[in-house]
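Letter by letter, the chains look like this.
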Amino acid sequence: MKHIMRGALALLLAALAVSCSYVYTGYIDGTVVNATGEHVDVYIFESRSARDAAIADASAGKSVSGYYDRASVYSVESDGGSIGGVTIPSESAGWPFSFGVIWETRSPEYGEDYDRNTYYFLAVDGTRTAIEPGGDGVRVSSYSGHPASVVIDFSE
């Protein structure tokens, strides 16, 4: 009976060790340029498919709010806005924004100390939309002392 209990305990401990996850943080600074409306909403997404669904809704005049994952965005710096969406005036040639992000993974790319994650952006100016260059997302590194950066250009 002792052998069965020890074996069960060993299996439980092994399962707990394998299921460990790690939490990382990073920052993304950005600028929106060439917008023409009264304001621009900038959203951050953890998946390309969620961003693409939001593009379709925004182009049809529907609301985009609610597509982002609130748990993955923990701070926003801009003039106004809320977690996940930053509202910026478009009267200027370019307007900066910044997102702080946090993510969790069981298999970090560089061991338990460092990891990278990709985020996707959508800027909405009325029914016009713009995304990050190339549409492939912005890579954020937890080990970098500098934030990732992106320029979202409505003229592209």
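Above this note sits the structure.
The sections below set out a description of the structure shown in this document. Keep in mind that what you see is a predicted model, and the values were worked out from it rather than measured. (Residues numbered from 1 in each chain as written. Predicted model: local features only at pLDDT ≥ 70, side-chain atom pairs only at ≥ 80, totals over all residues. Heavy atoms only, no water.)

Section: the pattern of salt bridges
The following threshold applies: A pairing counts as a salt bridge when a side-chain nitrogen of Lys or Arg comes within 4 Å of a carboxyl oxygen of Asp or Glu.
One pass over the full model with this rule turns up four salt bridges. Through salt bridges with shared partners, one network takes in Arg-51, Asp-52 and Glu-132.

Considerations on the nonpolar core
Put simply, the rule reads: Each nonpolar core is a collection of buried residues, namely Ala, Val, Leu, Ile, Met, Phe, Trp, Tyr and Cys, held together in the definition by side-chain atoms within 4.5 Å. The rule is simple: take the accessible area with a 1.4 Å probe, protein chains only, and divide by the maximum for that residue type; under 20% is buried, over 50% is exposed, in between is partly exposed. Strands here are runs of E lasting at least two residues and helices are runs of H or I lasting at least four, both read from the DSSP assignment and numbered beginning at the N terminus.
By size, the foremost hydrophobic cluster in this structure holds 21 residues, and its most contacted members are Ile-28, Val-32, Val-42, Phe-97, Tyr-119, Phe-121 and Ile-152. Here the element with the most residues in this core is strand β5 (residues 94-105); it accounts for four residues.

Notes on the side chain of Asp-153
For clarity, the threshold we go by: When charges are counted, Lys and Arg are positive and Asp and Glu negative, with His and the chain ends excluded. Under the rule applied, a polar contact is a pair of N or O atoms within 3.5 Å (in protein, one hydrogen donor and one hydrogen acceptor; residues adjacent in sequence only if both atoms are side-chain atoms). The contact criterion used is simple: two residues touch if any of their non-hydrogen atoms lie within 4.5 Å.
Tracing the chain through its elements places Asp-153 in strand β10 (residues 148-153). Of the side chains with opposite charge, Arg-128 lies nearest to the buried Asp-153, which makes no salt bridge, at 7.1 Å. Here Asn-34 takes part through its side chain, which lies 2.7 Å from a polar atom of the side chain of Asp-153. Polar side-chain contacts of Asp-153 include one of 2.7 Å to the side chain of Ser-155. Look past the residues within four positions of Asp-153 in its chain and what remains in contact with it is Val-33, Asn-34 and Ala-130.

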